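Fold and geometry: a report
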Amino acid sequence: MSHSTVPRTDTEAEEGKKNPPKAHGDDTAAPGRPPTGRLSLRLRFRRDRVLLLMTLPAVVLLLVFNYVPILGNVVAFQEYDPYLSDNGVVSIVHSPWVGLENFQRIFEDSAFWNAVQNTLVLFVLQLLLYFPVPILLALLINSVVRPRVRAISQAILYLPHFFSWVLVVAVFQQLLGGAGLLSQLLRQHGYDGLDIMTDPETFKFLITAQSVWKDAGWGIIVFLAALASVSPDLYEAAAMDGANRWRRMWHVTLPALRPVVALLLVLRVGDALTVGFEQILLQRGAVGPGAAEVLDTFVWWNGVRNQDFGYAAAAGLVKGVISLGLVLAANKVAHLMGEQGVYKK
């Protein structure tokens, strides 16, 4: 076959640049259809209708139990009385409005600021002491060569996650209480016994230790799943380049965990003001509200026990606004670090 060697004119060359030849099978979109590669909303709905139907029950449950109750925050601006009617909506409608009076009471209440302080101290302790533990344990378990030993270790660490807080507190009481195992051992060796369970000074460390013992196994699963996605070729390439075990962990393992760590850190910061309602409520009477009162127990005590529902709702609303701000701030930090966070930019 021979090809033509006749040179093209300048006009033909310009037209060739403006209208390049179409590839084989590249058809122009028909009139009324969206551009190639983009589907209309109707076509996307038709394509994904099965998936949408599958998610519909979850969306309904989320709306009913998470978003509809948000409307009840209106009682924060009322002197709410649930006994005005058997119907809760009617009680809200007929309760007198007080405006921002409940919020003014909150900001002038020293007990509220004490609960905020205790909440933030517990959050910082759990962030520094609890958050790194699952990462370290996941790295340790992942380094075990024998699969049977790895499975047994993971099962033992994961088991306390299924225990209720009542059982967890009872276990720590038997170990660290005034008549617990530690006190008995000290008395047998001529020392005075100690009761860590009723010591307000060490209560925050006690709460953190209980959280680590109970929930560290749950965090291990997340990080082990992230480690399982790391290609073995990366470790082999690093080993061929002369990287020892610690270098491989620093340059291969930890970068693979960074997106998961960033996401969980954002979620943990958003949950900063929720530090364990049931866990602390069970031990509040042993150390007193000065050391054990947090925002969740403050809301429960004023709303349920003292029947001051408007005041408790105002405190809960303040907590929700602060938590939302913390999520947005932490997610912004994750974006600055190059990670996705909870949502993309």
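Quantities reported herein were computed from a predicted structural model and do not represent experimental measurements. (Residues numbered from 1 in each chain as written. Predicted model: local features only at pLDDT ≥ 70, side-chain atom pairs only at ≥ 80, totals over all residues. Heavy atoms only, no water.)

1. With respect to the nonpolar core
Counting residues in hydrophobic clusters, the biggest one holds 16 residues, and the most contacted among them are I106, F112, L295 and F298. Those elements that place two or more of their residues in this core are α5 (101-107), α6 (110-130), α16 (295-305) and α17 (309-336). The greatest single-element share of this core, amounting to five residues, is contributed by α17. Core analysis: the next-biggest nonpolar cluster, separate from the first, contains 15 residues, F123, I207, A272 and A330 among them. (Core = buried A, V, L, I, M, F, W, Y, C linked by side-chain atoms within 4.5 Å. Buried < 20%, exposed > 50% of the residue type's maximum accessible area, 1.4 Å probe, protein only. Helix = DSSP H or I, 4+ residues; strand = E, 2+ residues; numbered from the N terminus.)

2. Some remarks on the packing of aromatic side chains
Tallied over the full model, the rule gives twelve aromatic pairs. For the ring pair F172 and W213, a centre distance of 6.0 Å and an interplane angle of 75° mean the geometry is edge-to-face. Remark: W213 occurs in helix α11 (residues 203-228) and F172 occurs in helix α9 (residues 165-176); sequence separation between them is 41 residues. W213 sits in the partly exposed class, given a relative accessible area of 34%. Site record: aromatic cluster; members linked through ring pairs are F107, F112, W113, F298 and Y311. The side chain of R284 reaches across the aromatic face of W301, ending 4.2 Å from its centre. (Phe/Tyr/Trp six-rings, centres within 6.5 Å; stacked < 30°, edge-to-face > 60°. Lys NZ or Arg CZ within 6 Å of the ring centre and 35° of its normal.)

3. Notes on helix α13 (residues 245-270)
Counted at 1.5 Å a residue, the expected span for α13 with its 26 residues is 38 Å, and the 35 Å between its end C-alpha atoms agrees. Along α13, the largest kink reaches about 40° and is centred on R258; proline P259 follows within four residues of it. Within the span of α13, buried status applies to V252, T253, L257, A262, V266, R268, V269 and G270. Buried residues along α13 sit in contact with α6, α7 (132-142), α11, α12 (232-240) and α17. Between the side-chain oxygen of the N-cap and the backbone nitrogen of W246 there are 3.3 Å, and the N-cap of α13 in question is N244. (Expected span 1.5 Å × (residues − 1). Bend = angle between axes of the 7 residues up to and from the residue. Contact = heavy atoms within 4.5 Å. Polar contact = N/O pair within 3.5 Å; in protein donor to acceptor, adjacent residues only side chain to side chain.)

4. Quick notes on the side chain of Q126
On the secondary structure map, Q126 appears in helix α6. Accessibility expressed as a relative area gives 4% for Q126, which makes it buried. For Q126, the residues in contact, after removing those within four places along its chain, are F131, I207, T208, S211, R268 and V275.

5. Observations regarding the packing of α6 against α13
Running from N to C, α6 and α13 cross one another at 165°; their axes reach a closest spacing of 11 Å. It follows from the interaxial angle that α6 and α13 lie roughly antiparallel. Taken as a pair, α6 and α13 cross one another with a handedness that is right-handed. On α13, the residues that touch F123, Q126 and L127 of α6 are L265, R268 and V269. Of the residues assigned to the contact of α6 with α13, the class counts are four nonpolar, one polar and one charged. (Axes fitted to C-alpha atoms, helices over the stretch in contact; angles between N-to-C directions. Parallel < 35°, antiparallel > 145°, perpendicular 65-115°, else oblique. Left-handed = near helix turned anticlockwise from the far one by under 90°. Nonpolar A, V, L, I, M, F, W, Y, C, P; charged D, E, K, R; others polar.)

6. Thoughts on the confidence of the model for the protein
Averaged over every residue, the pLDDT of the protein is 82; the share at 70 or more is 87%. Note that residues 1-7 has pLDDT below 50 and, in this model, zero contacts with residues that lie over four places away or in other chains. The low-confidence segment residues 23-29, where pLDDT is below 50, has four contacts with residues more than four positions distant or belonging to other chains. (pLDDT = per-residue confidence, 0-100.)

7. Looking at the layout of surface pockets
Each pocket or cavity is described by its volume, and for the largest pocket that value is around 490 Å³. Contributing to the lining of the largest pocket are 19 residues, with Y130, D215, W218, R268 and D271 lying nearest its centre. Listing elements by their share of the lining of the largest pocket, those giving two or more residues are α6, α11 and α13. For the lining of the largest pocket, the leading source of residues is α11, giving six residues. For the lining of the largest pocket, the class distribution of residues is nine nonpolar, seven polar and three charged. For the second largest pocket, the calculated volume is near 360 Å³. Considering the residues around the second largest pocket, the lining is formed by L136, L139, L140, N142, S143, Y235, R245, W246, R248, M249 and T253. When residues in the lining of the second largest pocket are grouped by element, the largest group, five residues, is from α13. The class makeup of the residues in the lining of the second largest pocket is six nonpolar, three polar and two charged. (1 Å grid on protein atoms, 1.4 Å probe; cavity = no way out; pocket = protein on both sides within 12 Å on 5 of 7 lines; lining within 4 Å. Points joined across faces, edges and corners; volume = space filled by probe spheres on them.)

8. Brief notes about the packing of α6 against α7
One way to put it is that α6 packs onto α7 with a least axis distance of 5 Å and a crossing angle of 10°. Compared by their axis directions, α6 and α7 come out roughly parallel. Contacts from L127, L128, L129 and Y130 in α6 reach P132, V133 and P134 in α7. Class assignment of the residues belonging to the contact of α6 with α7 gives a composition of seven nonpolar, no polar and no charged.

9. As for the pattern of salt bridges
Following the criterion strictly, the structure yields five salt bridges and no others. Two residues, R47 and D48, come together in a salt bridge whose shortest N-O distance is 3.1 Å. R47 sits in the exposed class, given a relative accessible area of 54%. Measuring nitrogen to oxygen at the nearest pair gives 2.5 Å for the salt bridge that ties K319 to D296. Of this pair, K319 sits in helix α17 while D296 is found in helix α16, placing the two residues 23 residues apart along the sequence. (Salt bridge = Lys/Arg side-chain N within 4 Å of Asp/Glu carboxyl O.)

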